Amino acid sequence: MTEEQHKANHDLAVEEARPKLKRPPLYQVVLLNDDFTPMEFVVEVLEKVFGMDRSRATRIMLEVHTRGKGVCGIYTYEIAETKVAQVNSYSRQHQHPLLCTMEES
Ligand code: TYC
């Protein structure tokens, strides 16, 4: 910077940048119905992975059973991804076809 420019800067209105705090995008973790996974197993998964009590887990399981799919929870990307992986891996370990996915909400 030249001496002239340096002096000129003193006349500029210098504004502080506002801190940009964007909320992270959120993702719905969605459970899908199938004809083979036992209802009791789905309830157990909802309790274990999503921390639901028995009555909430049962309500969500029945909603998925009757409507084809249902939302288990809404999380930031990595939490949602982890829940999906936990459900699918636990289901496979027990030879059930239960499927869980995520979609931006
Ligand atoms: N439809 C299954 C049955 O009749 C129960 C079930 C509910 C399966 C929810 C998957 O995500 C599911 N045994």
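Look above for the structure.
Residues numbered from 1 in each chain as written. Predicted model: local features only at pLDDT ≥ 70, side-chain atom pairs only at ≥ 80, totals over all residues. Heavy atoms only, no water.

Glancing now at the site of the ligand. By nearness alone, every residue bordering the ligand is listed as Leu31, Leu32, Asn33, Asp34, Thr37, Met39, Val42, Met61, Val64, His65 and Leu98. One of the backbone nitrogen or oxygen atoms of Leu32 is found 2.8 Å away from an oxygen atom of the ligand. Here Asn33 contributes a side-chain N or O atom positioned 2.8 Å from a nitrogen atom of the ligand. Surface burial for the ligand is 89%, taken as the share of its 340 Å² of free accessible area covered by protein chains. Mapping the ligand onto the cavity grids shows that it belongs to the largest pocket. Counting residues per element, the ones that place at least two in the shell around the ligand are strand S1 (26-32), helix H2 (39-50) and helix H3 (54-67). (Near = heavy atom within 4 Å. Polar contact = N/O pair within 3.5 Å; in protein donor to acceptor, adjacent residues only side chain to side chain. Areas by Shrake-Rupley, 256 points an atom, 1.4 Å probe, with all protein chains shown as cover. 1 Å grid on protein atoms, 1.4 Å probe; cavity = no way out; pocket = protein on both sides within 12 Å on 5 of 7 lines; lining within 4 Å. Sits in = over half its atoms within 2 Å of the grid points. Helix = DSSP H or I, 4+ residues; strand = E, 2+ residues; numbered from the N terminus.)

In this section: the packing of aromatic side chains. Under the criterion given, the structure shown has two aromatic pairs. Aromatic side chains Tyr27 and Tyr77 sit 5.2 Å apart centroid to centroid with 85° between the ring planes, which places their arrangement in the edge-to-face category. Of this pair, Tyr27 sits in strand S1 while Tyr77 is found in helix H4 (residues 77-93), placing the two residues 50 residues apart along the sequence. The exposure class of Tyr27 is buried, given its relative accessible area of 14%. On the basis of relative accessibility, which here comes to 42%, the residue Tyr77 falls in the partly exposed class. Taking the centre distance of 5.5 Å and the plane angle of 10° together, the rings of Phe41 and Tyr90 count as stacked. Placement of Phe41 in helix H2 and of Tyr90 in helix H4 is noted, with a sequence separation of 49 residues between them. Each member of the pair, Phe41 as well as Tyr90, is classed as buried. (Phe/Tyr/Trp six-rings, centres within 6.5 Å; stacked < 30°, edge-to-face > 60°. Buried < 20%, exposed > 50% of the residue type's maximum accessible area, 1.4 Å probe, protein only.)

Moving on, we get to H3. Between its terminal C-alpha atoms H3 stretches 20 Å, which fits the 20 Å expected from 14 residues at 1.5 Å a residue. All buried positions along H3 are accounted for by Ala57, Ile60, Met61 and Val64. For H3, the angular spread of the buried residues around the axis is 100°, confining them to a single face. Residues of H3 that are exposed and point more than 90 degrees away from the buried face comprise Ser55, Thr66 and Arg67. Lining the buried residues of H3 we find S1, H2 and strand S2 (69-76). Of the residues one or two after H3, Gly68 is the one with positive phi, at around 100°. (Expected span 1.5 Å × (residues − 1). Arc of directions from axis to C-beta. Contact = heavy atoms within 4.5 Å.)

None of the figures reported here should be taken as evidence of function without further support.
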